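Listed below are the residues making up each chain.
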Amino acid sequence: MPPISSTPLTTLKAAQRQLLLKPLDAAVFLAPWPNSTPVTPGSMTDATGNLLALPASYQSVGLIDKKSGVNFARAVTASPIEAYGEMQPVRDDITSDITTIEFEPQQTNLLNLALTSNTNLASTQAAANGEVGFWQPATPQINYYSAVVIGKDGTDAAPIYIFKIMPKVAVTKWGGEQWTPTNLMGEKLTLTAFKDDTLGYAVAHGFGGTGWQKLLSATGIKYTVSAVAPAPITVTRGTTTSAPIVVTDQFGGILPNANCAFTPAGGSNITVSASGFVTAAANATVGNTTVGIVYTPTGGTALASVNCVVTVA
């Protein structure tokens, strides 16, 4: 029998609390479909991670009911094939995959009136006395839109943006209005996503922002590390530092020391463990010395060596 591992469960489960995301704010944007300027994944932020403005055709529905929020639902239908004498299906095929988005807009504006009445109000104009009137379609019709939903976590200084892009949607369910003196006049809407034949998908997902950049190293998602910057540390002769060398990428995200090779300066009498802990011998030279660091991404090419300044006290 192989030896029983003594690794604690808390280490095995690789808990990373910084990866717990929670949209603290959200906005829904809609544009007429077909759209000559579609929004695609990877085009939501600029080179530094700042949020870009959407094309002019996209309008926000405005404030959304907080209690019901923005709900994304996915209904997947499968067709299992069973075989005589087998307890589990021997084959299973997905035959339907439908995504819906549900929210309750609170503002009375042209876009929301068009959504709740399923009416094209582009040519609607108020009368001379300011009164506005329009009628719901007397025959069945469906109006398509392009939808972008943006959620925000983190802080204003380091936001984490969560994107849902649905290039073709339509309102397929109306919750109805309820007029009471204690609630706003509003109606919960359900929009269904359809495949856009030009773009080739019905739903796209994305993440971005300067706060997200700092999380990339922890997510396991592949990305290019173009620069590393180790933080300076101080050690006392004859003792071990309380924390290892911390190496960050170009976004400020912490890189795993397991991908780093450490080389202390010759004659300094300091050593560095594989996990980056620095130890100074009792007779180590007092003052500043360096540890050379070469970072090699998993399956990638090693970056040029950089120096970490170590102060021996």
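Residues numbered from 1 in each chain as written. Predicted model: local features only at pLDDT ≥ 70, side-chain atom pairs only at ≥ 80, totals over all residues. Heavy atoms only, no water.

A.B. asks: I'm lost on the layout of surface pockets in this one. Help?
C.D. replies: Take a probe with the size of a water molecule and roll it over the atoms, and the empty space left behind shows itself. The calculated volume of the largest pocket comes to roughly 430 Å³. What lines the largest pocket is a set of 17 residues, and nearest its centre among them are Pro-23, Asp-25, Ala-26, Gly-69 and Val-70. Listing elements by their share of the lining of the largest pocket, those giving two or more residues are strand E1 (25-32), strand E5 (144-154) and strand E6 (159-174). (1 Å grid on protein atoms, 1.4 Å probe; cavity = no way out; pocket = protein on both sides within 12 Å on 5 of 7 lines; lining within 4 Å. Points joined across faces, edges and corners; volume = space filled by probe spheres on them. Helix = DSSP H or I, 4+ residues; strand = E, 2+ residues; numbered from the N terminus.)

A.B. asks: Before we go on, may I ask you to explain the nonpolar core in this structure?
C.D. replies: Soluble globular proteins: nonpolar side chains tend toward being buried together. Ranked by size, the top nonpolar core spans 21 residues in total, and within it Ile-245, Val-278, Val-291, Ile-293 and Val-310 carry the most contacts. Of all the elements in the fold, those that place two or more residues in this core are strand E10 (233-235), strand E12 (260-264), strand E13 (270-272), strand E14 (278-280), strand E15 (287-295) and strand E16 (306-312). Sequence-distant contacts of Ile-293, defined by excluding residues within four places in its chain, comprise Pro-230, Ile-245, Val-247, Cys-260, Ala-261, Phe-262, Ala-304, Ser-305, Val-306 and Cys-308. Of all hydrophobic cores here, the second largest spans 19 residues; its members include Phe-103, Leu-111, Ala-147 and Val-169. (Core = buried A, V, L, I, M, F, W, Y, C linked by side-chain atoms within 4.5 Å. Buried < 20%, exposed > 50% of the residue type's maximum accessible area, 1.4 Å probe, protein only. Contact = heavy atoms within 4.5 Å.)

A.B. asks: Quick question: what am I supposed to make of the sheet that holds E10 here?
C.D. replies: Within a beta sheet, neighbouring strands are joined by backbone hydrogen bonds and run either parallel or antiparallel to one another. Read from one edge of the open sheet, four strands run E10-E16-E15-E12, paired in mixed fashion. This sheet does not close on itself; its edge strands, each paired only once, are E10 and E12. Adjacent strand axes in the sheet meet at a mean angle of 35°, parallel and antiparallel pairs treated alike. Strand direction decides the pairing type here: E10 and E16, joined by three bridges, are parallel. Residue pairing for E16: Ile-233 is matched across the bridge by Val-310. (Pairing = 2+ DSSP bridges. Axes fitted to C-alpha atoms, helices over the stretch in contact; angles between N-to-C directions.)

A.B. asks: Help me understand the pattern of salt bridges in this model?
C.D. replies: It is possible for side chains bearing opposite charge to pair when their charged atoms get close. Counting across every chain of the model gives three salt bridges. When the shortest N-O distance is used, the salt bridge between Asp-97 and Arg-74 registers 2.6 Å. Placement of Asp-97 in strand E4 (residues 91-103) and of Arg-74 in strand E3 (residues 71-81) is noted, with a sequence separation of 23 residues between them. For Arg-74, a relative accessible area of 62% translates into the label exposed. Two residues, Asp-156 and Lys-152, come together in a salt bridge whose shortest N-O distance is 3.2 Å. (Salt bridge = Lys/Arg side-chain N within 4 Å of Asp/Glu carboxyl O.)

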